[in-house]
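# Architecture and fold: a report
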Amino acid sequence: MKMDSELLHSPAMCLAEEEEADTSDWNLPLAFMKKRHSEKIEGSKALAQSWRMKDRMKTVSVALVLCLNVGVDPPDVVKTSPCARLECWIDPLSMSPQKALETIGANLQKQYENWQPRARYKQSLDPTVDEVKKLCTSLRRNAKEERVLFHYNGHGVPRPTVNGEIWVFNKNYTQYIPLSVYDLQTWMGSPSIFVYDCSNAGIIVKSFKQFALQREQELEVAAINPNHPLAQMPLPPSMKNCIQLAACEASELLPMNPDLPADLFTSCLTTPIKIALRWFCMQKSAKLVPGVTLDLIEKIPGRLNDRRTPLGELNWIFTAITDTIAWNVLPRDLFQKLFRQDLLVASLFRNFLLAERIMRSYNCTPVSSPRLPPTYMHAMWQAWDLAVDICLSQLPTIIEEGTAFRHSPFFAEQLTAFQVWLTMGVENRNPPEQLPIVLQVLLSQVHRLRALDLLGRFLDLGPWAVSLALSVGIFPYVLKLLQSSARELRPLLVFIWAKILAVDSAEHRTMAVFILAVIVNSYTTGQEACLQGNLIAICLEQLSDPHPLLRQWVAICLGRIWQNFDSARWCGVRDSAHEKLYSLLSDPIPEVRCAAVFALGTFVGNSAERTDHSTTIDHNVAMMLAQLINDGSPVVRKELVVALSHLVVQYESNFCTVALQFMEEEKNYPVPSPPCNLTPVRDSPAIPRLRSVNSYTNIRAATTARNLNKSLQNLNLNEEGGPVTFSPGNLSTSSSASSTLGSPDNDEYILSFETIDKMRRVSSYSSLNSLIGVSFNSVYTQIWRVLLHLAADPFPEVSDLAMKVLNSIAYKATMNARPQRILDSGSLTQSAPASPTSKGAHIHQAGDDADDPGGHKAYMNANLSTGLCDWSAKYFAQPVMKIPEEHDVESQVRKEREWRFLRNARVRKQSQRITQRGVTRLDDQIFINRNPGVPSVVKFHPFNPCIAVADKDSICFWDWEKAERLDYFYNGNPRYTRITAMEYLNGHDYSLLLTATDDGALRIWKNFADQRNPEMVTAWQGLSDMLPTTRGAGMVVDWEQETGLLMTSGDVRVIRIWDTEREMKVQDIPTGADSCVTCLSCDSQRSLIAAGLGDGSVRLYDRRMGANECRVMTYREHSSWVVKAHLQKQTDGKIISVSVDGDVRFFELRSPDSVNVLQTVKGLTALDIHPQANLFACGSMNQFIAVYNSNGDVISNIKYYDGFMGQRIGAISCLAFHPYWPHLAVGSNDYYMSIYSAEKRLR
């Protein structure tokens, strides 16, 4: 069908359509599009946590080696006059040489102690080689694995040599003696940090690296050849963990400017604020700050570590700025290593950034190893200059007149810059450079609240933001603030804390509960603390809160408190916790039901000793849980299997007995075979594979032949009657799901799917719906039946889990029911770790587990869980404050929806024009193709040129415009069942396909017909008591997009209504008839449902009324099976119904008699009514199709295919009209699928 191109591009048309698109489609709710449908139920992938410091280090020893030889200049240095003289801010010529040397040494130690007061300091003043060796080896010996610092000042000795030597003295100070860096490395060992303050210092760095490489090679040689002389020597230490800081490049001399200290590099590293202020005053720009002199700088009031004073504030700003520059410029791992591992190293490197800036202005380039990217031009230095400027400009008045000091606006301005970054809102841009400053500000009471608020908003951007914040080092700060008593910080802190916890492993209460749930998760100390803090009672009070996320987390929190913690369980029992949780089992939100099942599961899953009282409670809980057997949400049913598995582990011997009983019954009871003699074998893939037509038959054959049940051979003893070595290798298999839990650790099962299915059908499970009231001695039997039922669940993940639980018990039951025999502990490992009481050989007696009280339990229970809690925790890692993509007008998701809604409006408008003109013929064949299976149900997509065709158990998608097959996949229903109905959900937007099979199962698929693998979104048992028969109506459905309600019925006596939003059954309407329902049609406006029945009656129900009054009308004019009953959607819409005999009757809703009757063909097999064009089409087993208009006139009679030498049409198996276009799709028993339309001139 080609669209009219002029129409498509006419602006007026588009405007009108846009208005229409806005009104109808935007307001329609979407079904099955929640996170639980679109995501795998598992936690966040942990981001690599490089921020966690696995190797924190301390610099514990410091060697200060000063070679000054005061008064004697080395021969290779020509000094200027005047020249830089100050060493550690002391003029060595102002006192005797020896005293000068000692004072300078003492001063240098003090300067270092400001940064690391607890280290051991050793001075070595004008030393010899031996003194240096003794000093270094003793420091390394004491430091063990910690870091040692070696500070070398070589201002009184020659420059380093290209051979990698530095100079010291002989004993009499008559000679300079070279000291090889190789030796220095050997004495110092690793990890170490070296500071070289001398000219040409870069040479030492180069030599150091060469020697380190040489060592690595020596190590390798020694490792390969043990006879090598090197191999006999003690291994040299590796130099990988060594850091070096050098004052200048290999070819540079230190600056000699008399205004600067001689040890400018040391001053930058150890007294950064002092030198930074002096340098600032020496710049031309300082003239803009009147009255500031070098003398005045000496008088700045305050202490470096008191942030309220001018000096302390400058120091704080300096720390923040250098940290920020480093975080922004350095690669993350290097930043962690240099700025977060070791306090002293971090301080030296922050100050090294200043050294680079100052010394470069004197043509000197400090060098570091590992090398840093250049930072001296970073924009943040301008912020530093401004802060210094603001501080110094106040100095004259502060000192002379004693005026108060005005604090710097630096931090407030940086927070504003951060806020601006946050409001610019795009994810893929550079991280905000102010992040490290926001961290510094958390320490200030003035800015703390604002900083926390901004930090919370930043972390809300998602896990990547949390990861960035952690890389800066936020964790210790937030931890510290959590202990703060300030009440106004708590909500913000809880928010931030929850964000961190969600990545690392709504409302504030929810977040608080989330935090507590994380604290008690498998952490006994946390559980005890929360028990003492009365947490159980507090949580129970919140269970009825209107906020679903809080209810969900309260339940998870409760489940975690008493998980394997018996005193908490008994505290719960005293508070009737389990009974209070029952109310959540019928909660409208599936996630809340799921959390309640989790909590009740851990409640019965405690491994403590059982008393009669606790057993009664467990039975109670089990029977309550069993009611969720047909819950609409697979997430809930998966959790149910896990909860029941806890019970199975608790009462293992009872379940083993039941299992044996059922296995006996199954062997002795010939089950009535289902209509088609196919063994019910279940196909395994959860995600169906795409299948091409030719391989399709092979797959069929292979699947049927595979998996025939071998379990019975395995369960019997061998002929001699001796013990069978029962290895999991020879068990029969059924589901190729990877069964890592529950059963022996391979993918073979004792109970195959066929056996379980047979057991399920043998044991009358009609009592499943009335489980309460069963005498308690048969609780185990009931729960076994529930598990059998869940093993046949239409959702593969649920059935796989249930199969594991059943097989685990079957395995143990068969093991224990053997005659007494000895298993060596080797063969036992498959089922259980040897119990601590009896190592070595184990003796098993029939049904006796006494010798191994805890051994077997570990075997199924080990990892059986659903990932619900971790998946729920992901909520806190995702942006909460950010508007969702679908509400963001500029997002791609939104644009795609707009496009779809315009397309929909166009289809509606154009098809309406055609149908209004009147369709006089409908026999133009626009599509024909051979389907892979016999078509049984056909459904047009309302807006795409796509048609879905179901055969017995697979679905094929065709593009009827291009005449090509898009997809073909397996629906996953057991062999003896067939697909009897299909519906498109969300057809106007993101389409899903619902399939219904005659065993009452509903499955919903996505990603079909679009090059991707189709995926099952959800599946559930829509009708529980359906027994597949060949002659029944199967399952019939009708879908209301406006309300999200799904009506289901068929070979049962009720019409069951499901609310897809809640994934719950909301109503059962008794049909009041003894025959099956053959078709359903509903009208949401009037809350009416029309049903056609197998006995020829058509019944009308009003779902707003009670079960006894809701049948408002019964029409009994047809004498045979009703093929179609259609309730027109208009306010005065009639019911049109047709029976197998071909009589079409029109009924007014309020009158019991038909207002019109038309006679069509006899032997009707299929019929459909066009909702817009007042046409109906009849398909006959006599191989023709007749199309009638509303007056009963035949407008087309189709008996032959076009082309194909006029081949006769096969017996009609299904047909359907397009909801808008005048197209009719027809499937017939000869596998062909064809589509007919109105004449070309109309289209």
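These numbers were taken from a predicted model, which means no experiment stands behind them.

Before going further, it helps to examine the overall build of the protein chain. The number of helices and strands found in the protein chain is 40 helices and 38 strands. The burial tally for the protein chain puts 57% of its 1243 residues in the buried class. On the protein chain, roughly 51,500 Å² of surface is accessible, and the fraction owed to carbon and sulfur atoms is 52%.

It is worth spelling out the pairing of strand β35 (residues 1194–1198) at this point. The pairing of strand β34 (residues 1184–1189) with β35 spans 4 bridges and is classified as antiparallel. Across the sheet, Tyr-1188 pairs through a bridge with Val-1194, a residue of β35.

Here the focus is the sheet that holds strand β31 (residues 1154–1159). Reading across from one edge, β28-β29-β30-β31 is the order of the 4 strands in this open sheet, with antiparallel pairing throughout. The open sheet is flanked by β28 (1122–1127) and β31, the only strands paired with a single partner. With strand direction ignored, the average angle separating the axes of adjacent strands in the sheet is 15 degrees. Inspection of the sheet shows strand β30 (residues 1143–1147) paired to β31 by 5 bridges, in the antiparallel sense. Note on β31: the bridge partner recorded for Phe-1147 is Ser-1154.

Most of helix α19 (residues 463–472) is tucked away, with 8 of its 10 residues classed as buried. Every buried residue of α19 is listed here: Ala-465, Val-466, Ser-467, Leu-468, Ala-469, Leu-470, Ser-471 and Val-472. Count one or two residues on from α19 and you reach Gly-473, which has phi positive near 110 degrees.

This part covers the nonpolar core. In this structure, Phe-150, Trp-384, Leu-392 and Phe-458 are the most contacted members of the largest nonpolar core, which totals 137 residues. Not counting residues up to four positions away in its chain, the partners in contact with Phe-150 are Ala-63, Val-65, Val-132, Cys-136, Leu-184, Met-188, Ile-193, Phe-194 and Val-195.

Looking now at the packing of aromatic side chains. Two aromatic rings, taken as a pair, are described by how far apart their centres are and by the angle between their planes. In total, this model carries 32 aromatic pairs according to the counting rule given. Measuring from centroid to centroid gives 4.9 Å for Trp-562 and Phe-603, while their planes differ by 70 degrees, and the two rings are edge-to-face. Separated by 41 residues along the polypeptide, Trp-562 in the loop between α25 (548–561) and α26 (566–574) and Phe-603 in helix α28 (residues 590–604) bring together distant segments of the chain. Note on accessibility: Trp-562 and Phe-603 belong to one class, buried. With a centroid separation of 6.4 Å and an interplanar angle of 50 degrees, the aromatic rings of Tyr-984 and Phe-1008 are classed as tilted. Linking Tyr-984 in strand β16 (residues 979–985) with Phe-1008 in the loop between β18 (1001–1006) and β19 (1015–1021), this pair joins segments that are 24 residues apart in sequence. Across this residue pair, the class does not change: Tyr-984 and Phe-1008 are buried. Among the aromatic residues, those joined into a ring-pair cluster are Phe-265, Phe-335, Phe-339, Phe-349 and Phe-352. In this structure, Arg-894 is placed above the aromatic ring of Trp-26, and the distance from its NZ or CZ to the ring centre is 4.5 Å. In this arrangement the basic side chain of Arg-1208 is found over the ring face of Tyr-1200, its NZ or CZ atom lying 5.6 Å from the centre.

Its 20 residues place the ends of helix α12 (residues 310–329) 28 Å apart at the C-alpha level, agreeing with the 28 Å of an ideal helix rising 1.5 Å per residue. With 18 of 20 residues buried, α12 is to be regarded as a mostly interior element.

A word on the sheet that holds strand β20 (residues 1035–1040). The strand order across the open sheet built from 4 strands is β20-β21-β22-β23, with neighbouring strands paired in antiparallel fashion. Each end of this open sheet is capped by a strand with a single partner; those strands are β20 and β23 (1064–1070). When the angles between neighbouring strand axes are averaged without regard to direction, this sheet yields 20 degrees. Pairing between β20 and strand β21 (residues 1045–1050): 6 bridges, direction antiparallel. Its bridge partner lying in β21, Asp-1038 is registered against Met-1047.

The subject of this paragraph is the pattern of salt bridges. Between side chains of opposite charge, a pair can form as their charged atoms come close. Going through the model one piece at a time under the given rule, you end up with 39 salt bridges. Here Asp-989 makes a salt bridge to Arg-900, at a shortest N to O gap of 2.7 Å. With Asp-989 in the loop between β16 and β17 (992–997) and Arg-900 in helix α40 (residues 892–917), this pair connects stretches of sequence that are 89 residues apart. Judged on exposure class, the residue Asp-989 and its partner Arg-900 are both buried. For Lys-939, the salt bridge identified is with Glu-983, shortest N-O distance 3.7 Å. With a gap of 44 residues between them, Lys-939 in strand β12 (residues 937–940) and Glu-983 in strand β16 connect regions that are remote in the sequence.

Pro-82 follows Ser-81 through a cis peptide bond whose omega is -5 degrees. Along the chain, Pro-82 turns up in the loop between β1 (59–66) and α4 (97–113). A cis geometry characterises the amide bond from Ser-190 onward to Pro-191, with omega recorded as 0 degrees. Within the fold, Pro-191 resides in the loop between α6 (181–188) and β6 (192–197). Positive phi values are uncommon outside glycine, yet Lys-144 reaches one of about 55 degrees. Mapped onto the secondary structure, Lys-144 falls in the loop between α5 (129–143) and β3 (147–153). Here Glu-1063, not a glycine, exhibits a phi torsion of approximately 55 degrees, which is positive.

Attention shifts here to the environment of Ser-192. Note that Ser-192 resides in strand β6. Separated by 130 residues in sequence, Ser-192 and Val-62 place their C-alpha atoms 9.8 Å apart. Other than its neighbours up to four places away in sequence, Ser-192 contacts Arg-140, Arg-147, Val-148, Asn-241, Cys-242 and Ile-243. Within the structure, the side chain of Ser-192 is placed 3.4 Å from the side chain of Arg-140, a separation counted as a polar contact. One polar contact links the side chain of Ser-192 to the main-chain carbonyl oxygen of Gly-189, over a distance of 2.7 Å.

This part takes up the side chain of Arg-551. One can find Arg-551 in helix α25. On the basis of relative accessible area, Arg-551 is assigned to the buried category, the value being 8%. A distance of 3.2 Å separates a polar side-chain atom of Arg-551 from the backbone oxygen of Pro-546. What Arg-551 contacts, discounting residues up to four positions off in sequence, is Gln-542, Leu-543, Asp-545, Pro-546, Leu-584, Asp-587, Ile-589 and Val-592.

As for its placement among the helices and strands, Val-388 is situated in helix α15 (residues 380–401). Judged by its relative accessible area of 1%, Val-388 is buried. In contact with Val-388, other than residues within four places in its own chain, are Leu-277, Phe-280 and Leu-314.

Bringing the packing of α6 against helix α7 (residues 202–224) into the picture now. Packing of α6 against α7 brings their axes to within 9 Å, and their N-to-C directions diverge by 65 degrees. Between α6 and α7 lies a crossing of right-handed hand. Contact residues: α6 offers Val-181, Tyr-182, Gln-185 and Thr-186, while α7 offers Ile-204, Phe-208, Phe-211, Ala-212, Gln-214, Arg-215 and Glu-218.

Now for the confidence of the model for the protein chain. The predicted model of the protein chain has a mean per-residue pLDDT of 81, with 80% of residues at 70 or higher. When pLDDT is averaged over each helix and strand of the protein chain, the minimum, 28, is found for helix α33 (residues 711–715) and the maximum, 97, for helix α9 (residues 264–270). Residue range residues 673–747 is modelled with pLDDT below 50. Its contacts to residues more than four positions away, or to other chains, number 172 contacts.

Right, let's talk about the pairing of strand β37 (residues 1223–1228) for a bit. Of all 6 residues making up β37, 6 are buried, and the element is well covered by its neighbours. Relative to β37, strand β36 (residues 1212–1217) is paired through 5 bridges, and the arrangement is antiparallel. The residue of β37 that forms the bridge with Cys-1214 is Gly-1227. Counted along the chain from β36 to the antiparallel partner β37, the turn is 5 residues long. In this structure, β37 lies alongside strand β38 (residues 1232–1237), joined through 5 bridges in antiparallel fashion. Following the sheet pairing, Ala-1225 is matched in β38 by Ile-1235. Following β37, the chain reverses through 3 residues before pairing antiparallel with β38; Tyr-1231 in that reversal takes a positive phi of roughly 80 degrees.

What counts and what doesn't
Residues numbered from 1 in each chain as written. Predicted model: local features only at pLDDT ≥ 70, side-chain atom pairs only at ≥ 80, totals over all residues. Heavy atoms only, no water. Helix = DSSP H or I, 4+ residues; strand = E, 2+ residues; numbered from the N terminus. Buried < 20%, exposed > 50% of the residue type's maximum accessible area, 1.4 Å probe, protein only. Areas by Shrake-Rupley, 256 points an atom, 1.4 Å probe, with all protein chains shown as cover. Pairing = 2+ DSSP bridges. Axes fitted to C-alpha atoms, helices over the stretch in contact; angles between N-to-C directions. Core = buried A, V, L, I, M, F, W, Y, C linked by side-chain atoms within 4.5 Å. Contact = heavy atoms within 4.5 Å. Phe/Tyr/Trp six-rings, centres within 6.5 Å; stacked < 30°, edge-to-face > 60°. Lys NZ or Arg CZ within 6 Å of the ring centre and 35° of its normal. Expected span 1.5 Å × (residues − 1). Salt bridge = Lys/Arg side-chain N within 4 Å of Asp/Glu carboxyl O. Polar contact = N/O pair within 3.5 Å; in protein donor to acceptor, adjacent residues only side chain to side chain. Left-handed = near helix turned anticlockwise from the far one by under 90°. pLDDT = per-residue confidence, 0-100.

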